[in-house]
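Structural overview
Given next are the chains, with one letter for each unit.
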Amino acid sequence: MKRRVVITGVGLISGVGNTTDAVWEQLVAGTSGVETIASFDASEFPVTFAAEVKNFDPLAFVDKKESRKMGRFIHLAIAATEEAMKQSGLVVTPEIEERVGVFIGSGIGGFEVIEREHATLLANGPRKISPFFIPAAIVNMAAGHVSIRYNAKGPISATATACATSANSIGDSFHMIQHGEADVMIAGGSEAAVTPLSLGGFAAMRALSTRNDDPKTASRPFDKDRDGFVLGEGAGILILEELEFARARGAKILGEILGYGMSADAYHMTGIAPEGAGAQRSMRAALKDAGIAPHEVGYVNAHATSTPAGDGNESRAIELVFGDHATSHRLKVSSTKSMTGHLLGAAGGLEAGITAMALLKQKLPPTINLGTPGEDCVLDYVANKAIDAKIDVALSNSFGFGGINASLVMRRWTE
């Protein structure tokens, strides 16, 4: 028999706030975290804005000497994990350390470290490259540092599946606990890719909104005038525990994960399959894994990034999976990327945390900047204003380049 898996901690950092409570409050208020880029001069770029994490001090979490050995994505992962761990009240003792695992991924890792050290190489030669370059940049080091910090000696991994990264990390962690490989998993993702090369690369793909004259309205999922996504950064970490383990230590349970599904589009390296065929399979697999019928789901936190093709295809996929439950507007759908931008590999962790908060608070964050939905977007997207809602089950979607799809099903916790 599969073991039940519950959520006992949520740690969120994004362009709208540096704590879970701050993120939630700003999302419910419909606040955009998108502004002109402050970390470097982007005036010569086709896109000059992003959803950067603001007023973040890594020295509040790691000392100065250690901080220099870490990329920003590691700083953000440590900060989000610390908040999630404090909320969970979990102390990793020698008795349980081998049963505590860490699955924290990143789509890109230490992009700013790579850029900085490459510039050093060109300007000053190979002998000036930092000896900490590689461990500061590689994707698995967020998981590595968190494992060391908390003495977590159980399973460890660092997924890198583009924008599905965090959802895969959480889903894989869920299955690890279900099948008895661990009792606790620290799971999610972190990303800090608001850098010149990253911005330039996504702009060259024409993947980004170019609404430079009005950045706060640039991320507009499902809107007929959407023109691309907004680059964001941050981290989302969940503490997952086996139900009886959590109960035995008196943990406050925030929600339950019921199911996880994933699929491949097998279609295009960056495009989404027509009618979101891969997304349909991912959602159906998650519902099957959860043992939940489509009509039982009250809310979907959509992947919707504000791209012309992606939003419409995901909306159509939801329509085909949920049928009349969706088209009658009983099912609510929103994209919080309208406020946070797209966190790439950290998106699924942030949005899984937001989905858990929505179930806990019985309130749905809106899709802001939604004036007139596109012709291919016919569902209820919780336009512009948060709503109170009695929901027991919710689903969170994350889709990545390469045609990677991941969906998580969660339930409101009741004893």
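The preceding data block contains the structure.
Described in the following lines is the structure provided in the data block. On a predicted model such as this, the values are computed, not experimentally measured, just so you know.

Counting its secondary structure elements, the protein contains 14 helices and 14 strands. In terms of overall dimensions, the protein is globule-like: its C-alpha atoms have a radius of gyration of 20 Å, near the 22 Å expected for 415 residues. Taken along the three principal axes of its C-alpha coordinates, the protein extends 65 × 55 × 40 Å. Within the protein, buried positions represent 61% of all 415 residues. Restricting the contact set of the protein to residue pairs at least 6 apart, pairs at least 24 apart contribute 78%. Split by element, the accessible area of the protein, about 15,800 Å² in all, is 54% carbon and sulfur.

So, on to the nonpolar core. For soluble globular proteins, the rule of thumb is that nonpolar side chains tend to be buried together. Ranked by internal contacts, the top residues of the largest apolar core, which has 42 residues, are I7, I170, L238, L240, I257 and M410. Looking at this core, the elements that each hand over two or more residues are strand 1 (5-13), helix 1 (20-28), helix 7 (165-178), strand 6 (184-191), strand 7 (234-242), strand 8 (255-264), helix 14 (347-361) and strand 14 (404-411). The element that contributes the greatest number of residues to this core is helix 14, accounting for eight residues. Dropping the residues within four chain positions of it, L238 is found in contact with I7, G9, V10, I170, M185, I186, A187, A352 and G353. Formed by 33 residues, the second largest nonpolar core is a distinct cluster that contains I13, V62, V92 and I237.

Before going further, it helps to examine the sheet that holds strand 14. Strand order across the open sheet formed by 10 strands is 5-4-6-7-1-8-14-13-9-10, with mixed pairing between neighbours. On the outer flanks of this sheet lie strand 5 (156-157) and strand 10 (332-334), each paired with one strand and no other. One ladder, built from three bridges, connects strand 9 (residues 299-301) with strand 13 (residues 393-400); its direction is parallel. Directly across from Y299, in strand 13, lies its bridge partner A394.

All right, on to helix 8 (residues 196-204) then. Spacing of three or four residues puts side chains on the same side of an α-helix, whose turn is 3.6 residues. Buried residues of helix 8: S198, L199, F202 and A203, and no others. What you see down the axis of helix 8 is that its buried residues fit within an arc of 130 degrees, all on one side. Facing away from the buried side of helix 8 by over 90 degrees, the exposed positions are L197 and A204. Where helix 8 is buried, its residues meet strand 3 (49-50) and helix 4 (111-124). Two residues or fewer past helix 8, R206 is found with a positive phi of approximately 60 degrees.

Another point: the pairing of strand 6. Most of strand 6 is tucked away, with eight of its eight residues classed as buried. With burial as the criterion, each face of strand 6 is covered, one bearing V184, I186, G188 and S190 and the other bearing M185, A187, G189 and E191. As defined by bridge partners, strand 4 (residues 100-105) adjoins strand 6 across six bridges and the pair is classed as parallel. Looking at the pairing, G105 lines up with G189 of strand 6. Here eight bridges tie strand 6 to strand 7, and the two strands are oriented antiparallel to one another. Counterpart to V184 in the pairing with strand 7 is E241.

So, about the packing of aromatic side chains. Two aromatic rings are characterised by how far apart their centres lie and by the angle between their planes. Within the structure shown, the criterion is met by four aromatic pairs. Note on F222 and Y381: the rings are 4.0 Å apart at their centroids and 15 degrees apart in plane angle, and the pair reads as stacked. One end of the pair, F222, is in the loop between helix 8 and strand 7; the other, Y381, is in the loop between strand 11 (363-364) and strand 12 (387-388), with 159 residues separating them in the sequence. Given a relative accessible area of 3%, Y381 falls into the buried group.

We now examine the packing of helix 1 against helix 14. Viewed as axis vectors pointing N to C, helix 1 and helix 14 meet at an angle of 75 degrees, and their least axial separation amounts to 11 Å. Relative to helix 14, helix 1 is oriented roughly perpendicular. Facing helix 1, whose interface residues are T20, V23, W24 and L27, helix 14 presents L350, I354, M357, A358 and K361. Here the residues of the contact of helix 1 with helix 14 sort into seven nonpolar, one polar and one charged.

Right, let's get into the side chain of S398. Within the secondary structure, S398 is located in strand 13. Note on S398: relative accessible area 1%, which makes it buried. Excluding residues that lie within four positions of it along the chain, S398 makes contacts with C163, A164, A167, H303, G348, I404, N405 and A406.

Covalent bonding between the sulfur atoms of two cysteines is what defines a disulfide. Applying the stated criterion across every chain, the model contains zero disulfides. Distance from the sulfur of C163, which forms no disulfide, to the nearest cysteine sulfur (C377) is 19 Å. Take C163: its relative accessible area is 11%, and that puts it in the buried class.

The next subject is unusual backbone geometry. Residues other than glycine seldom take positive phi values, yet N55 does so here, at roughly 55 degrees. Locating N55 in the fold gives a position in the loop between strand 3 and helix 2 (64-67). We note that F222 has phi near 70 degrees; this positive angle belongs to a residue other than glycine. Overall, the relative accessible area of 0% leaves F222 in the buried class.

Rules behind the numbers
Residues numbered from 1 in each chain as written. Predicted model: local features only at pLDDT ≥ 70, side-chain atom pairs only at ≥ 80, totals over all residues. Heavy atoms only, no water. Helix = DSSP H or I, 4+ residues; strand = E, 2+ residues; numbered from the N terminus. Rg over C-alpha atoms; globule rule 2.2 N^0.38 Å. Buried < 20%, exposed > 50% of the residue type's maximum accessible area, 1.4 Å probe, protein only. Contact = heavy atoms within 4.5 Å. Areas by Shrake-Rupley, 256 points an atom, 1.4 Å probe, with all protein chains shown as cover. Core = buried A, V, L, I, M, F, W, Y, C linked by side-chain atoms within 4.5 Å. Pairing = 2+ DSSP bridges. Arc of directions from axis to C-beta. Phe/Tyr/Trp six-rings, centres within 6.5 Å; stacked < 30°, edge-to-face > 60°. Axes fitted to C-alpha atoms, helices over the stretch in contact; angles between N-to-C directions. Parallel < 35°, antiparallel > 145°, perpendicular 65-115°, else oblique. Nonpolar A, V, L, I, M, F, W, Y, C, P; charged D, E, K, R; others polar. Disulfide = S-S within 2.5 Å.

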